[in-house]
Amino acid sequence: MGDIFISQAGYRPDSVKMAVMPFPAETFEIVGTDGCVRAAGSTVCAGADKNSGDVLYTANFSDFSEKGSFRIRAGNMTSELFEIGESVYEKALDCTSKAFYYLRCGCGLLEKYADRFRHGVCHRSLGYLWENKDISMEISGGWHDAGDYGRYVTAGSCALAHLLYGYILFPDAFDRQKLNIPESGGVLPDILAECRYELDWLLKMQREDGAVYHKVTTAHHAPFIMPENDRAQMFVFPISSSAAADFAAVCALASRVYRQFDSDYSDRLFEAAQKSFEWLEKNPGFIGFNNPPGCATGAYGESCDDDNRFWAAAELYAASGDDEYQEAVKETLKKDFSLTDFGCYSVGGFGALSYVLGAGGDSDLIKRFEDGFVDEAYRLKELADNCGYGAAMGEFDYCWGSNMNLLKHGMIFAIADRCFGKREFRKYAQAQADVLFGVNALGISYVTGIGGYSCKYPHLRPAYADEVEECIPGMVSGGPNRNLEDPEAKKIIPTGTPPMKCFADNVGCYSLNEIAIYWNSPAVFLLAYLSL
Ligand code: 9MR
Ligand code: ZN
């Protein structure tokens, strides 16, 4: 591990470049792999940093644009090796995009696509309705949610939304991709082929009447075995209105994205969206989800569905231009919820983004949503300016899956620039990626396989159970969590540890070091933006 913190994903020659030192130093040097000093400069004292507890010095080497591999050196301390090159973000984008292929369920991963990370066919047996175990359904496919083998509708919808909006806003970043997945070379760009794998599963989760089952999992999480060895019975759990709304939203969104490639598929998605929307209208009350007794897999329970219904109405409006949905948008907005969040428990930002990007609509509403995003970007800028590492994170953002917060904040900056012409936020968007890749209090790259000092032991079943020493690449770890919500984390991290340091690259620490599809997907969005 280096003592000086840099982005281990590297830098573009023309981009901002900041190294951070948690110790005093007046000057720094940039050293090539031959050991020769290429440039030198003075540091700036950034002072005490609240969320890390560090006193920081920063080295700004933005003017250094030589391509190659380097380290930063100050006194007898050095950084990890990093690259300066035009395609550093493309590499990180491809790596984090391919992660979804490695999480595919219901198929085997073949050696020609997965190399050493191949595995046998998993989870193809039928799922039994939890409430009526005489009824079974074919529910194979989709991505494993996270370190566990469950598949959850709201989590999957959120991940799809990050990826599909990434495609809508930055198509050029994806059209060039060659992910080496079974569908590569076909009509769809690889990322959309990958998303279709999840969408095809999602469609199976819709009930005949338009309601949507919340999840399909075994009754308990599997032990740390390969997915093909997890043979426990799978169950389809009760419906929820949040699942129905997220389903309607993401199917409508996908119907727009796939239209130009496959109009039949697009129609099918739109009809599915409509059907769930009709169900929502007939069932205006909130139907939440709690794990029934006897089930201990993820719950993804929400306390209201106002934001979900808003998102659904906004996407159906964008996909159809129908007044009926426009009215529903206005109706749902009578409730109070965030219009800038892109989380799996809070999806209002997707609805607002959909409305802003859609053709037409009410100009007052468009203005309201735009102002919301821009104000949020300014709020986050304050946080970033007050953090020596440049993280736009408040103390409470360091919770379970904090890297999702970091990346969602990066998305806000990217949107403020790309959609509303606020160029000044680009460097803040980049800074969030830099934090993810090593400019943080532990100097660690939170993405497996990216950087010499990166997470190697995530809470991810196949990564543990396979016989490969190296970790499956491209997986975003949850990141520091000040609440230390698992026994191992409580044991190894002393109380009083500053939020940004509440992390350990330890397979047992599921509240710190698990991976999840909706933590990877905002990284894909942000890296697509940065690659252009
Ligand atoms: O990401 C979820 C996090 O916000 C919650 O605090 C946590 C505890 O309920 O659950 C996380 O989601 C997990 C899900 O329940 C099951 N699959 C793994 C997910 C990531 O840890
Ligand atoms: Zn599986």
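One structure accompanies this document, and this report is about it.

Scoring rules and cut-offs
- Residues numbered from 1 in each chain as written.
- Chains lettered and ligands numbered in written order.
- Predicted model: local features only at pLDDT ≥ 70, side-chain atom pairs only at ≥ 80, totals over all residues.
- Heavy atoms only, no water.
- Helix = DSSP H or I, 4+ residues; strand = E, 2+ residues; numbered from the N terminus.
- Expected span 1.5 Å × (residues − 1).
- Buried < 20%, exposed > 50% of the residue type's maximum accessible area, 1.4 Å probe, protein only.
- Pairing = 2+ DSSP bridges.
- Axes fitted to C-alpha atoms, helices over the stretch in contact; angles between N-to-C directions.
- Donors = N, O, S within 2.8 Å, 3.2 Å for Na, K, Ca; no water.
- Tetrahedral: all angles 85-135°; square planar, octahedral: opposite > 155°, others 65-115°.
- Patch = residues over 30% accessible without salt bridge, like charges linked within 9 Å, V, L, I, M, F, W, Y side chains within 5 Å.
- Areas by Shrake-Rupley, 256 points an atom, 1.4 Å probe, with all protein chains shown as cover.
- Salt bridge = Lys/Arg side-chain N within 4 Å of Asp/Glu carboxyl O.
- Lys, Arg positive; Asp, Glu negative; His and termini not counted.
- Charge placed at Lys NZ, Arg CZ, Asp CG, Glu CD.

## A word on helix H6 (residues 241-258)
- Taking 1.5 Å of rise per residue, 18 residues should cover 26 Å, and H6 covers 25 Å from first to last C-alpha, within 8% of that figure.
- Counting buried positions along H6 gives 17 out of 18 residues, so the element sits mostly inside the fold.

## Describing the sheet that holds strand E5 (residues 55-60)
- The antiparallel open sheet is built from three strands, whose spatial order is E1-E5-E4. A single partner strand is all that each edge strand has here, and the edge strands are strand E1 (18-21) and strand E4 (44-48). Going across the sheet, the axis of each strand differs from the next one's by a mean of 25 degrees, ignoring polarity.
- Of the strand pairs in this sheet, E1 and E5 are connected by four bridges, and their pairing is antiparallel. The residue bridging Val20 from the neighbouring strand is Thr58, located in E5.

## Some words on unusual backbone geometry
- Although it is not a glycine, Asn180 sits at a positive phi angle of roughly 55 degrees.
- Summarising the element assignment, Asn180 is placed in the loop between helix H4 (171-175) and helix H5 (190-204).
- Exposure remark for Asn180: the relative accessible area of 37% places this residue in the partly exposed category.
- With phi around 45 degrees, Tyr300 is a residue other than glycine that occupies positive phi space.
- Tracing the sequence through the fold places Tyr300 in the loop between helix H7 (263-282) and helix H8 (306-320).

## Comments concerning the sheet that holds strand E11 (residues 151-152)
- If you trace the five strands from one edge of the open sheet to the other, you get E10-E9-E13-E12-E11, paired in mixed fashion. Of all strands in the sheet, those bounded by a partner on one side alone are strand E10 (136-137) and E11.

## Some words on the coordination of the zinc ion (ligand 2)
- Bound to the zinc ion (ligand 2) are the protein donor atoms Cys105 (SG), Cys122 (SG), His123 (ND1) and His144 (NE2), situated 2.0 to 2.3 Å from the metal.
- Here the zinc ion (ligand 2) binds four donor atoms, and the angle range of 99 to 117 degrees at the metal identifies the geometry as tetrahedral.
- Site description for the zinc ion (ligand 2): donor spacing in sequence, C-x16-C-H-x20-H. Taken as a pair, Cys105 in the loop between helix H1 (88-102) and helix H2 (111-114) and His123 in the loop between H2 and strand E9 (127-129) lie far apart in primary sequence, 18 residues in all.
- Looking at Cys105, the relative accessible area reads 0%, which means it is buried.

## Comments concerning a negative patch on the surface
- A grouping of Glu278, Glu281, Asp322, Asp323, Glu324 and Glu327 is seen on the molecular surface, where their side chains present a negatively charged patch.
- Mapped by element, the contributors of at least two residues to the negative patch are H7 and helix H9 (323-332).
- The greatest single-element share of the negative patch, amounting to three residues, is contributed by H9.
- Along the polypeptide, Asp322 turns up in the loop between H8 and H9.

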